[in-house]
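Examination of the molecular architecture
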Protein chains: 2
Amino acid sequence: MFENQRRTELHDLGEFGLIEHITSYFKNQNKESVFGIGDDAAVLDFGEKYTLVSTDHFIEGIHFDLTFHPLRHLGYKAVAAAVSDICAMNGNPLQILVNIGLSNRFSLEAVEEIYSGIQIACEKYAVDLIGGDTSSSPRGLYLSVTAIGCVDKDKVTYRKGAEANDLLVLTGDIGGAYMGLQILEREKKVFMEHPEMQPDLERHDYIVGRQLRPDARKDVIQILAEKEILPTSMIDVSDGVASEIHHLGKQSGVGFQVFENKLPIDPQTVERAIEFGLNPSIAALNGGEDYELLFTIKQGDYEKIKHHPDMTVIGHATELVGKYNLITESGNSFEIQAQGWQHFQG
Amino acid sequence: MFENQRRTELHDLGEFGLIEHITSYFKNQNKESVFGIGDDAAVLDFGEKYTLVSTDHFIEGIHFDLTFHPLRHLGYKAVAAAVSDICAMNGNPLQILVNIGLSNRFSLEAVEEIYSGIQIACEKYAVDLIGGDTSSSPRGLYLSVTAIGCVDKDKVTYRKGAEANDLLVLTGDIGGAYMGLQILEREKKVFMEHPEMQPDLERHDYIVGRQLRPDARKDVIQILAEKEILPTSMIDVSDGVASEIHHLGKQSGVGFQVFENKLPIDPQTVERAIEFGLNPSIAALNGGEDYELLFTIKQGDYEKIKHHPDMTVIGHATELVGKYNLITESGNSFEIQAQGWQHFQG
């Protein structure tokens, strides 16, 4: 199978490169496996509807920092992120399984805090905790969450499917989770150097909340169903809008033109980006973990969403395959780079 | 939800205690969730058949030791363990999802070894790799595997269902994986103290193989179907037969009587147990990770399996609820203690 004899560092491939390399060796054997790796969730055929399954993990020191992430919010966030993947297939989330590894620095009370957040999220999204594995770990905390859902067979929405001239729609606002993280890391640094100082978070409640306790847009899936809109392609914003635009474009075989002045960015996000010396649009495009939905619709559906306060048309698909451009207010065009989260960077 | 203010150590509860404590706060909300936590896999209703889902994790330093566990075997074992859970519900495994966290001591070539083992297991069990999450970890390797399968609604086999006088059947032999681990740990210790010495593993190939590269008994599920045997209860042997007997008994509301001279133990297991000063029967009952199946059948089905070389009737269910006894050759009776794997022990 693998005949490479030298040592290749993982950060030379990056996460997407690794996944592509490994999965090229696997072929599906069962007719029930409709779609495997390469979208927000796998699509399985066990009956009248399609079953959707997705899994994510959260490792202390990589995905979260417990010096500022309350355990309850962490449990909530892990469920929200998993549920978001099911929503991104236009699906209805129904169940989750949670694996937890805990070092002996965690007491029962700490574990209860995590599960308390998991329970709040289960109630919020109406999903059932149906399984999991629990054990100690030599160091730190890790969570692995699998989400399951279902979708009518004619309603499943993949990353592929966008066609030229389809409108590109984004829910909510973006960049907040990323700027919230910058604030939390700055306050942590201040606290480490000056333990007598209180962290200054109140002014940043919105963006800090976006980072610590994001929500999955299950509500948007319900709105789309009510308005009888079937997106032509869809993805959730976990790695950043820029990266997600590349995914939709690559899998659909289209390009995208995005208008900078249409990007929905909260004033707190804009202010903090400027304070940190960042271009707010770049922060918004590249910041991850907003868990908003990015999707394309036919132009004929525009009327159904144009007045919705939580959905913004930010651009459209083009025939220029592989070209992803940001058009500034002055009319200049810049290529949108997919940075994503590079977990393997050295 | 949780109102306990003091610090309770996890090892005071143990894994089963923790799971019971936490899950008592969760209630299922969706009709599709037929059965949640408390069996080898969850049972979901998405159509004509039931969907089965189970998840396990494998943490370096807790579940495996890379100084003697080849990465390829580790990948294989992780899949086998997950598939085994689906088999234990009388199900047909179909898909897996794999999350991997890797510290930077792992190269691409090391990751390829893991996935090579995963691929061999996928082919062996005819399951498809349909998803997963990959990232770095601050230390060590961890794997989290979710398995999915299906079963006819009238064939699903729970841990509950055994009735008094049902026969208790075990596949293959037991205790080998545990004694294999003792050998591997002894040779590791010798190697650490005398690096010039070669490990002495050849004489122990069977039991070392049972530890490093166990197999799920998908073949047994097929045999049961061919022989038209529907077990009344079933579990896989991951924590040790003694512990699994307690699970079947507790959930079915029966007792069990097990005959020591019926326990299927390989001669290598017996020899090594004696060498280590252990009672072979105790090692066989308490050693985990054999991934055999333990199930009960109606007495009327006895004729169908009595000549099968891979199935052994080791005892029967009784009306003495909660009484689990081992009957020795001399006719003495001992209580079977459920030790299980106590991952949280200090």
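Residues numbered from 1 in each chain as written. Chains lettered and ligands numbered in written order. Predicted model: local features only at pLDDT ≥ 70, side-chain atom pairs only at ≥ 80, totals over all residues. Heavy atoms only, no water.

**Notes on the sheet that holds strand S11 (residues 311–318) of chain A**
All names here are of chain A. What counts is decided by this rule: DSSP calls a pair of strands paired once it identifies at least 2 bridges connecting them. In this description a helix means any DSSP run of H or I spanning at least four residues, a strand means any run of E spanning at least two, and both kinds are numbered starting from the N terminus. Axis lines are fitted through C-alpha atoms, for helices just across the contact stretch, and the angle between N-to-C directions can take any value from 0 to 180 degrees. In what follows, residue pairs with any heavy atoms lying within 4.5 Å of each other are defined as contacts.
Read from one edge of the open sheet, seven strands run S8-S10-S7-S11-S9-S12-S13, paired in mixed fashion. A single partner strand is all that each edge strand has here, and the edge strands are strand S8 (233–236) and strand S13 (333–335). Ignoring strand direction, the axes of neighbouring strands in this sheet form an average angle of 25°. Bridge count between strand S9 (residues 255–259) and strand S12 (residues 324–327): four bridges; the pairing is parallel. From the neighbouring strand, Phe256 faces S12, where its bridge partner is Tyr324. Sheet strands in contact with helix H6 (residues 218–226) are strand S7 (167–171), S8, strand S10 (293–297) and S11, and its direction is about 20° off that of S10. Strand contacts of helix H7 (residues 241–252): S7, S8, S9, S10 and S12, with the helix running at about 150° to S8, the strand carrying the most contacts.

**Focus on the interface of chain B and chain A**
Put simply, the test is: Buried surface area refers to the total accessible area, computed with a probe of radius 1.4 Å, that the two partners give up upon joining, counted for both partners together. Salt bridges are identified by distance alone: a Lys or Arg side-chain nitrogen within 4 Å of an Asp or Glu carboxyl oxygen. Residues adjacent in sequence count toward polar contacts only when both atoms are side-chain atoms; beyond that, a polar contact is any pair of N or O atoms within 3.5 Å, and within protein one must be able to donate a hydrogen and the other to accept it.
Chain B puts 84 residues into the contact, and the matching count from chain A is 84 residues. With both chains or domains summed, chain B and chain A bury close to 7,000 Å², and 59% of this area falls on carbon and sulfur atoms. Of all residues in chain B, B:Phe26, B:Phe46 and B:Leu108 bury the most surface against chain A, accounting for 9% of the area lost on that side. The interface formed by chain B and chain A includes zero salt bridges. Seen at the junction of chain B and chain A, the total is 42 residue pairs in polar contact (both at pLDDT 80 or more).

**Considering the nonpolar core**
Here is the rule we go by: Here, nonpolar core refers to any group of buried Ala, Val, Leu, Ile, Met, Phe, Trp, Tyr and Cys residues whose side-chain atoms link them within 4.5 Å. Three exposure classes are used, based on accessible area relative to the maximum for each residue type with a 1.4 Å probe and protein chains only: buried under 20%, partly exposed in between, and exposed over 50%. Bear in mind that the domain bounds are from an automatic or database domain assignment.
Counting 63 residues, the largest nonpolar core has B:Ile96, B:Ile118, B:Leu141 and B:Phe295 as the members making the most contacts within it. Examining the composition of this core, we find that eleven residues originate from one element, helix H2 (residues 71–87) of chain B, more than from any other. Both domains that meet at this core, namely domain 1 (31–151) and domain 2 (167–335) of chain B, each give it at least three residues. Leave out the neighbours within four places in its chain, and B:Phe295 touches B:Leu167, B:Leu168, B:Val169, B:Thr171, B:Val220, B:Leu224, B:Pro231, B:Ser233, B:Met234 and B:Met311. The next biggest cluster of nonpolar side chains, apart from the first, holds 62 residues, and it includes A:Val220, A:Ile223, A:Leu293 and B:Leu10.

**Points about the sheet that holds strand S6 (residues 141–151) of chain A**
All names here are of chain A. The strand order S1-S2-S3-S6-S4-S5 describes an open sheet built from six strands, whose pairing is mixed. Lying at the two open borders of the sheet, with one neighbouring strand each, are strand S1 (33–35) and strand S5 (128–136). The average undirected angle you get between the axes of adjacent strands in this sheet is 20°. In this structure, strand S2 (residues 42–45) lies alongside strand S3 (residues 50–59), joined through four bridges in antiparallel fashion. Considered in S3, the bridge of Leu44 is made with Thr51.

**Regarding the relation of the copies chain B and chain A**
Here the second copy of the chain follows from the first by a rotation about an axis and a shift along it. For the record, the criterion: We superpose the copies by least squares over the C-alpha atoms of residues that have a pLDDT of at least 70 in both of them.
Rotating chain B by 180° and moving it 0.0 Å along the rotation axis overlays it on chain A with an RMSD of 0.0 Å. The superposition of one copy onto the other is thereby described by a two-fold rotation axis. Closest approach to the rotation axis within chain B is made by the C-alpha atom of B:Gly47, at a distance of 2.2 Å. Interface overlap between copies is the fraction of interface residues in one copy that are interface residues in the other; for chain B against chain A it reaches 100%, indicating a shared surface.

**Quick word on the state of the cysteines**
The following threshold applies: Pairs of cysteine sulfur atoms within 2.5 Å are what we label disulfides.
With the rule as written, the count across this model stands at zero disulfides over all chains. Unpaired in this structure, A:Cys87 has its nearest cysteine sulfur neighbour in A:Cys150, at a distance of 12 Å. Judged by its relative accessible area of 0%, A:Cys87 is buried. With no disulfide partner, B:Cys122 has as its closest neighbouring cysteine sulfur the one in B:Cys87, 14 Å distant.

**Quick notes on the environment of A:Lys31**
All names here are of chain A. Along the chain, Lys31 falls in the loop between helix H1 (10–23) and S1. With relative accessibility at 71%, the residue Lys31 sits in the exposed group. It is 26 Å that separates the C-alpha atoms of Lys31 and Ser84, two residues lying 53 residues apart in sequence. A polar atom in the side chain of Lys31 sits 3.0 Å from the side chain of Glu32.

**Describing unusual backbone geometry**
Residues and elements named next belong to chain B. A positive phi is found at Ala126, a non-glycine position, where the angle reads about 55°. Assignment of secondary structure puts Ala126 in the loop between helix H3 (108–125) and strand S5 (128–136). In the Ramachandran plot, Tyr291 falls in the positive-phi region, its phi being about 55° despite a non-glycine side chain. Tracing the backbone through its elements, the reader meets Tyr291 in the loop between helix H9 (280–286) and strand S10 (293–297).

**Some thoughts on H2(B)**
Because an α-helix completes one turn every 3.6 residues, residues spaced three or four positions apart along the sequence face the same direction. Counted only if it meets this: A helix is expected to span 1.5 Å for every residue after the first.
In this model, H2(B) (17 residues) spans 24 Å end to end at C-alpha, consistent with the 24 Å of a helix rising 1.5 Å per residue. Within H2(B), 15 of the 17 residues are buried, which leaves the element mostly enclosed by the surrounding structure.

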